[in-house]
2 protein chains.
Amino acid sequence: MQFQQLAYFVAVADARHFTRAAEAVHVSQPSLSQQIGALEKELGAPLFSRARGNIALTDAGEALLPLARRILADADTARHEVLELAQLRRGRVRLGATPSLCTGLLPDALRDFHGRHPGVRLLLDEGGSHDLVRRLARGALDLALVVLPLPSPSPALTTVELFQEDLVAVSAADAPAPRSPLRIADLEGRPMVMFRHGYDLRDLTLAACRAAGFEPYCTVEGGEMDAVLGFVRAGLGIGVVPAMVAARAGAELRVTPLARPGLRRTVALAHRSDVAPPRAARALQEVLLAAARQAVTSSGLRPPGAGP
Amino acid sequence: MQFQQLAYFVAVADARHFTRAAEAVHVSQPSLSQQIGALEKELGAPLFSRARGNIALTDAGEALLPLARRILADADTARHEVLELAQLRRGRVRLGATPSLCTGLLPDALRDFHGRHPGVRLLLDEGGSHDLVRRLARGALDLALVVLPLPSPSPALTTVELFQEDLVAVSAADAPAPRSPLRIADLEGRPMVMFRHGYDLRDLTLAACRAAGFEPYCTVEGGEMDAVLGFVRAGLGIGVVPAMVAARAGAELRVTPLARPGLRRTVALAHRSDVAPPRAARALQEVLLAAARQAVTSSGLRPPGAGP
DNA sequence: TCGTGTCCATAGCCGCTGTCTATGGCGGCC
DNA sequence: GGCCGCCATAGACAGCGGCTATGGACACGA
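Residues numbered from 1 in each chain as written. Chains lettered and ligands numbered in written order. Predicted model: local features only at pLDDT ≥ 70, side-chain atom pairs only at ≥ 80, totals over all residues.

The test is simple: UniProt positions are given in the numbering used here, feature names are shortened, and annotations may be inferred rather than shown by experiment.
Per an unreviewed UniProt entry, chain A goes by LysR substrate-binding domain-containing protein and derives from Actinacidiphila polyblastidii. The record held by UniProt for chain A lists under Sequence similarities (unreviewed entry) the comment "Belongs to the LysR transcriptional regulatory family."

Quick word on the overall build of chain A
The following threshold applies: Helix and strand definitions follow DSSP, with helices as H or I runs of at least four residues and strands as E runs of at least two, each counted in order from the N terminus. It is over C-alpha atoms that the radius of gyration is taken, and the globule rule equals 2.2 Å times the number of residues to the power 0.38. Put simply, a residue is buried when 20 or more other C-beta atoms lie within 10 Å of its own C-beta and exposed when 12 or fewer do; between those, it is partly exposed, and each C-beta is set from the backbone. By definition, residue pairs are in contact when their C-beta atoms, positioned from the backbone, come within 7 Å.
Check the secondary structure of chain A and you find 11 helices and 11 strands. Expected size for 308 residues packed as a compact globule is a radius of gyration near 19 Å; at 31 Å, chain A overshoots this value by more than 25%. For chain A, the spread of C-alpha atoms along the three principal axes comes to 100 × 35 × 35 Å. With 308 residues in all, chain A has 40% of them scored as buried. In chain A, once contacts between residues fewer than 6 apart in sequence are set aside, the share between residues at least 24 apart is 74%.

Thoughts on the relation of the copies chain B and chain A
Defined as follows: Least-squares superposition of the copies uses the C-alpha atoms of those residues scoring a pLDDT of at least 70 in each of them.
Superposition of chain B onto chain A requires a rotation of 179 degrees combined with a translation of 0.1 Å along the rotation axis, giving an RMSD of 0.2 Å. Viewed as a symmetry operation, the transformation between the two copies matches a two-fold axis. Of every C-alpha in chain B, the one belonging to Ile71 of chain B sits nearest the axis of rotation, 2.8 Å from it. Both copies present the same face, since 100% of the interface residues in chain B are matched by interface residues at the equivalent positions in chain A.

Quick look at the interface of chain B and chain A
Condition: Classification used: nonpolar for Ala, Val, Leu, Ile, Met, Phe, Trp, Tyr, Cys and Pro, charged for Asp, Glu, Lys and Arg, polar for all others including Gly.
If you look at the interface, chain B gives 36 residues, while chain A gives 36 residues. Class assignment for the residues of the side of chain B that touches chain A results in 21 nonpolar, 8 polar and 7 charged.

Observations concerning the protein's contact with DNA strand D
To be explicit about the condition: In this analysis a residue is considered near a molecule or strand if the C-beta atom, reconstructed from its backbone, is found within 6 Å of that molecule or strand.
Close contacts around DNA strand D come from 19 residues, with Ser28 and Ser31 of chain A together with Phe18, Pro30 and Ser33 of chain B the closest. Where the surface near DNA strand D is concerned, the elements lending two or more residues are α3 (29–43) of chain A together with α2 (18–24) and α3 (29–43) of chain B. Here the element with the most residues in the surface near DNA strand D is α3 of chain B; it accounts for 5 residues. Of the residues assigned to the surface near DNA strand D, the class counts are 7 nonpolar, 10 polar and 2 charged.

Considerations on the protein's contact with DNA strand C
Around DNA strand C, the surrounding shell holds 20 residues, and the nearest of these are Phe18, Thr19, Pro30 and Ser33 of chain A together with Ser31 of chain B. When residues of the surface near DNA strand C are traced back to their parent elements, those giving at least two are α2 (18–24) and α3 of chain A together with α3 of chain B. Tallied by class, residues from the surface near DNA strand C come to 6 nonpolar, 11 polar and 3 charged.

As for the environment of Leu43 of chain A
Relative to the assigned elements, Leu43 of chain A resides in helix α3. A tally of 22 C-beta atoms within 10 Å means that Leu43 of chain A is categorised as buried. In this view, Leu43 of chain A contacts Ala60 of chain A together with Arg79 and Val82 of chain B; residues no more than four positions away in its chain are not counted.

Examining the packing of helix α6 (residues 106–116) of chain A against helix α11 (residues 279–298) of chain A
All names here are of chain A. Inclusion rule: To get an axis, a line is fitted to the C-alpha atoms, and for a helix only the part in contact is used. The angle between two axes follows their N-to-C directions and goes from 0 to 180 degrees. We call two directions roughly parallel when the angle between them is under 35 degrees, roughly antiparallel when it is over 145, roughly perpendicular when it lies between 65 and 115, and oblique otherwise. Note on convention: the crossing is left-handed when the near helix lies turned anticlockwise from the far helix by less than a right angle, right-handed when the turn is clockwise.
Interhelical geometry of α6 versus α11 gives an angle of 135 degrees and a closest axis separation of 9 Å. Classed by the angle they form, the pair α6 and α11 counts as oblique. The two elements α6 and α11 meet at a crossing, and its hand is right-handed. When α6 is examined against α11, the residues Asp108, Ala109, Asp112 and Phe113 are found in contact with a partner set consisting of Leu284, Val287, Leu288 and Ala291. Among the residues forming the contact of α6 with α11, the class breakdown is 6 nonpolar, no polar and 2 charged.

Here's the deal with unusual backbone geometry
In this structure, Pro181 of chain B follows Ser180 of chain B across a cis peptide bond, with omega equal to -5 degrees. Relative to the assigned elements, Pro181 of chain B resides in the loop between β6 (157–172) and β7 (191–195). In this structure, the amide linkage connecting Arg260 of chain B to the following residue, Pro261 of chain B, adopts the cis form with an omega of 5 degrees. Structurally, the position occupied by Pro261 of chain B is in the loop between β10 (253–257) and β11 (264–272). Non-glycine residue Arg16 of chain A carries a positive phi angle of around 50 degrees. Tracing the sequence through the fold places Arg16 of chain A in the loop between α1 (3–15) and α2.

A few points about the packing of helix α1 (residues 3–15) of chain B against helix α4 (residues 59–86) of chain B
All names here are of chain B. Close contact between α1 and α4 brings their axes to 9 Å; oriented N to C, the two are set at 125 degrees. It follows that α1 is oblique to α4 by the angle criterion. Where α1 crosses over α4, the handedness of that crossing is left-handed. Each of Phe3, Leu6, Ala7, Phe9, Val10 and Ala13 in α1 lies in contact with α4, whose residues at this interface are Gly61, Leu64, Leu65, Ala68, Arg69, Ile71, Leu72 and Ala75. Counted by class, the contact of α1 with α4 contains 12 nonpolar, 1 polar and 1 charged residues.

Things to note about the domain arrangement of chain A
This is how it is decided: These domain boundaries are the output of an automatic or database domain assignment.
Once the domains are mapped, chain A shows domain 1 (3–69), domain 2 (82–162 + 270–298) and domain 3 (164–264). Each of domain 1 of chain A and domain 3 of chain A was reduced to a C-alpha centroid, and the two centroids are 76 Å apart.

Focus: α3 of chain B
Let me state the cut-off plainly: To estimate the expected span of a helix, count its residues, drop one, and scale the result by 1.5 Å. An arc is given here, and it is the one of the directions from the helix axis to the C-beta atoms.
End to end, α3 of chain B covers 21 Å across 15 residues, agreeing with the expected 21 Å (1.5 Å per residue, within 8%). Every buried residue belonging to α3 of chain B is among Leu32, Gln35, Ile36, Leu39, Glu40 and Leu43 of chain B, and all of these are buried. Projected down its long axis, α3 of chain B shows its buried positions confined to an angular sector of 140 degrees, all on one face. Away from its buried face, by an angle of more than 90 degrees, α3 of chain B presents the exposed residues Pro30 and Lys41 of chain B. Check the buried side of α3 of chain B and you find it contacts α4 (59–86) of chain A together with α1, α2 and α4 of chain B.

Comments concerning the pairing of strand β8 (residues 217–223) of chain B
Residue and element names in this part refer to chain B. This is how it is decided: In short, DSSP must find at least two bridges between two strands for them to pair. Note on handedness: a clockwise path from strand one over the helix to strand two, with the strands aimed away from the viewer, defines a right-handed crossover.
Relative to β8, β7 runs parallel, the two being bridged by 5 bridges. Opposite Phe195, over in β8, you have Gly223 as the bridge partner. This β-α-β element, β7 to helix α8 (residues 200–211) to β8, shows right-handed connectivity.

Quick notes on the environment of Arg135 of chain A
Residues and elements named next belong to chain A. With respect to the secondary-structure elements, Arg135 resides in helix α7 (residues 129–138). Looking at Arg135, the number of C-beta atoms within 10 Å reads 20, which means it is buried. Arg135 sits 39 residues away from Gly96 along the chain, and the two C-alpha atoms are 8.6 Å apart. Setting aside residues no more than four positions away along its own chain, Arg135 makes contact with Gly96, Asp125, Ala140 and Leu141.

Description of the environment of Gly128 of chain B
All names here are of chain B. In this structure, Gly128 sits in the loop between β4 (120–126) and α7 (129–138). For Gly128, a count of 21 C-beta atoms within 10 Å corresponds to the buried category. When the C-alpha atoms of Gly128 and Ser100 are compared, they prove to be 9.9 Å apart, with 28 residues separating the residues in sequence. Once you skip the residues sitting within four places of it in the chain, Gly128 turns out to touch Thr98 and Gly198.

Printed below as a string of structure tokens:
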């Protein structure tokens, strides 16, 4: 059974005439006869009763006709669906991002993308950089917002740097203000609120403290971004978060810049190198790049590759 | 797009592995890869993201998968439906019959057939012999119960004689009884009830009267079988009907045999010679032949080919 | 009754395509 | 670093679907 045979069958059923049906499907009459014959042979039953001048469906033909129409319609639907995917009227992007980036850049950028392509579903995968890289390589993600350097550098991934972002210290507005700008060394012995494992911010902060010669004292650790900000707000300790996140966190938080050289992270967009991302993913990539440029000019972020 | 390509696609989507999918569909791995590639090229979008050890569906692949499954299931359904037709678990027989035969032989025979093959629809086409023959030749009927000789003999039709049936005169039970047995000549000048055009009984009766040298006097003409019996019952005249019909007509009718040679008609089963009837039609044919044999022995009909 | 036309089936040929085996290329793993 | 697993590619071959030409059967009209 083949699609063409079904199409020929439907054409004959509609025209009730082999020669005219052959014209309708743009093949010669013998070709059509042969294919109808092949279909009948395969199914083991005649589909038409060939009376002179009166081609009629047999019972087998009448049973097959609605199914044939439905199969052909489904095949047509399949072609159109895939076409619409290519035209970005439908589709799906699987975007991975580290938790801290989900809070900062993404909300506005995704709103923008959704406005441009309302038919495209956005599947956000929030996870640590290590997981994101693995999922990218496995084809489980189309794009990922990651923090450089990648925990497990892979030549199979292409990264495009978006911006550099300063980290700042946050503390409760009603607690004694720390010195400003705050040096990393000033954090020694001060109660701190620390993210859970998997956050690149956790690794960055711990590494900076250890480089300064001490192990930080954490009153609470293990929270997500919102929880950490809440604990800081409650006066449980000092947190180290991206400036962009701190700016959105509200008036109950005191934001204290870090003394030079400070802490800084490079945010990049990553995708697999070996295959081109789907159309919708490329479109999202463009939107994210534009959002990053916008953020650099309006939100005081540093352009990618800028010095300390 | 081809059924095999869709089957291969579903196999890969299920196995998430090209080599194992190839084994599952019993082709070599390169053949499967090539067909998937051809499908992707035709649809204009990749269906799988080929990551080492992790074959995943793209958005286009996820859009296609449910449709592919449905198409394949429909194709399977089509094959089974046609198979069931061949096995007489479903099907359709289009049976034509002259009106007088619908009343006599058919009810019991069709009940028997329906009991044996409850899934087979019976489409009865009641009409004159001329129409029936034309519809048979056109393929609009599978079988027809006709009265011989055929009005327009056609070499394209095969007929099997079922039985010969005597005609009898019927009159109202409360009217004066005609002589018994009744000669055709006795009908001259007697009020008669005549069938409408198209009934073979009408032609038979008129021809017999004319052969006897008179034109019958009809008080009512144009009715169907039930109407004619009703008119006779009401005393409007004498009717000439098959013995089998008269026997079923109830006690309000007086049945008078016709004097020798009497009137007799040969009932036959006809079908097209050039193509074998569908399976269900052959089954009905057998049932009708058995019913005819049964009627010959139990109802006093004459076997086919019997002399006058 | 005999052409003539219409219509579907068949025959024969050809090019496309789907299948195979063999091989290449590329990561992952020991 | 060598081996293995896995998918893609190359080339050969057979099968099949397409075409033109022709056959056979019926309908119609002269």
